[in-house]
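# Tertiary structure, described
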Amino acid sequence: MKGFGIHAMVWSTKWDHEGAERAIAGAAGCGQDYIEIPLIDIPTVDAKHSRALLEKHKIGAACSLVLPEHAWASIRPDAAIEHLTAALDKASEIGAVALTGVTFGGTNERTGFPPTEREYDNLTRALGAAARHAKTLGLQFGIEAVNRYESHLINSAQQAVDMVERIGLDNVFVHLDTFHMNMEEKGLANGIIAARDHLKYMHMSESDRGTPGFGNIAWDEIFAALAAIGFKGLLTLESFVTMQAEMAGSISTWRPVARDRDEVLDKGVAFLRNKADQYGIF
């Protein structure tokens with residue numbers, strides 16, 4: 001799991017045959033090593049079709065998700081285990097190397113209070129069971145820290161590290177996202193350094209979730225820190241330039257984040273690759 005990736009939602013929010021064909025061909029055409037496939041509606045994903053496309057275009061995949069409310073691990077750990085198990089099975093059928101994302105809960109999950117030890121116990125039980133199942137499938141399992149407005153549970157790199165170490169399995173990793181880090185870390189480099197022993201996946205997302213390099217993210221700080229820790233994971237461009245209206249509420253995206261997809265691909269991909277070359281990443 002190493003190199004450059006891109007989130008499928010740059011092309012499509014639906015992982016049907018048409019969306020998969022457009023996204024996988026697009027990612028391969030941009031010279032990416034991986035595509036991130038969102039498992040929003042697990043039963044409808046045609047794994048054989050996706051796997052054939054990946055093999056045709058000679059590109060790898062990682063899968064991601066956000067848990068639906070009925071499977072939030074903090075309060076319904078058994079339902080979370082069931083949902084994550086189904087997602088891991090699907091990811092394995094697709095030929096992905098990992099399942100990552102907000103594997104512990106939702107993006108509108110807030111109690112109005114700090115997280116409790118009981119909630120963390122439930123997360124540990126659910127994520128531990130999922131990670132053990134992932135291990136039997138030969139999959140890596142990621143935990144993505146997200147900002148306080150989306151979840152009250154895991155917001156910082158250190159909190160993600162604490163959960164990874166609490167689970168204690170070698171196939172569990174930290175997934176950081178520059179959009180969330182920009183709000184939560186006391187210095188972007190500090191978050192990367194805190195996660196260095198477990199960091200395998202980065203969402204490279206601009207401050208407005210638009211085109212990387214055309215917002216407020218301190219990209220030189222990010223890349224310098226990645227170089228300093230000898231990062232050897234996956235750098236994935238994430239932009240919500242393609243967004244269905246019914247999904248806007250989950251991440252509070254109320255207006256276009258970029259001119260169009262071509263702007264994100266032409267400028268954003270080149271920007272990230274140039275920065276990686278500048279700092280000797282990979």
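Our subject is the structure that appears above.
Report follows, based on the coordinates. (Residues numbered from 1 in each chain as written. Predicted model: local features only at pLDDT ≥ 70, side-chain atom pairs only at ≥ 80, totals over all residues. Heavy atoms only, no water.)

## Regarding the environment of Cys 30
- Along the chain, Cys 30 turns up in the loop between α1 (17-29) and β2 (34-38).
- With 13 residues separating them in the primary sequence, Cys 30 and Pro 43 have C-alpha atoms 29 Å apart.
- In this structure Cys 30 touches Trp 11, Leu 265, Val 269 and Arg 273, once residues within four positions along its chain are discounted. (Helix = DSSP H or I, 4+ residues; strand = E, 2+ residues; numbered from the N terminus. Contact = heavy atoms within 4.5 Å.)

## Re the sheet that holds strand β7 (residues 199-204)
- Around the barrel, which closes on itself, the 8 strands sit in the order β1-β2-β3-β4-β5-β6-β7-β8 with parallel pairing between neighbours. On average, each strand axis in the sheet is inclined to that of its neighbour by 25 degrees, with strand direction left out of account.
- Where strand β6 (residues 172-177) meets β7, 4 bridges bridge the pair, whose relative direction is parallel. Along β7, the bridge assignment pairs Leu 176 with Met 202.
- Taken strand by strand, helix α8 (residues 219-228) contacts β7 and β8 (234-237), and its axis lies near 165 degrees from that of β7. (Pairing = 2+ DSSP bridges. Axes fitted to C-alpha atoms, helices over the stretch in contact; angles between N-to-C directions.)

## So, the nonpolar core
- Counting residues in hydrophobic clusters, the biggest one holds 84 residues, and the most contacted among them are Ile 35 and Leu 226.
- With 8 residues, helix α4 (residues 117-137) is the single largest residue contributor to this core.
- Not counting residues within four places of it along the chain, the set of residues in contact with Leu 226 comprises Ile 192, Leu 199, Met 202, Met 204, Phe 231, Leu 235 and Ile 281.
- Within the second largest apolar cluster, 6 residues are counted, among which are Tyr 34, Ala 98, Phe 173 and Leu 234. (Core = buried A, V, L, I, M, F, W, Y, C linked by side-chain atoms within 4.5 Å. Buried < 20%, exposed > 50% of the residue type's maximum accessible area, 1.4 Å probe, protein only.)

## Digging into the packing of aromatic side chains
- Across all of its chains, the model carries 6 aromatic pairs by this definition.
- Judged by centre distance (6.0 Å) and plane angle (75 degrees), the rings of Trp 219 and Phe 271 are edge-to-face. Residue Trp 219 is located in helix α8, and its partner Phe 271 is located in helix α10 (residues 261-278); the two are separated by 52 residues in the primary sequence.
- Residues Phe 231 and Phe 282 carry aromatic rings whose centres are separated by 6.5 Å and whose planes lie at 45 degrees to one another, so their mutual orientation is tilted. (Phe/Tyr/Trp six-rings, centres within 6.5 Å; stacked < 30°, edge-to-face > 60°.)

## What about the pattern of salt bridges?
- Taken as a whole and judged by the stated rule, the model has 9 salt bridges.
- Here Glu 117 ties to Arg 166 by a salt bridge, and the two come within 2.9 Å at their closest N and O atoms. Pair noted here: Glu 117 is in helix α4 and Arg 166 is in helix α5 (residues 157-167), with a separation of 49 residues, a long-range link.
- Here Asp 220 and Lys 275 are joined by a salt bridge, their closest N and O atoms 2.7 Å apart. Highlighted residues: Asp 220 in helix α8 and Lys 275 in helix α10, separated in sequence by 55 residues.
- The exposure class assigned to Asp 220 is partly exposed, which follows from its relative accessible area of 35%. (Salt bridge = Lys/Arg side-chain N within 4 Å of Asp/Glu carboxyl O.)

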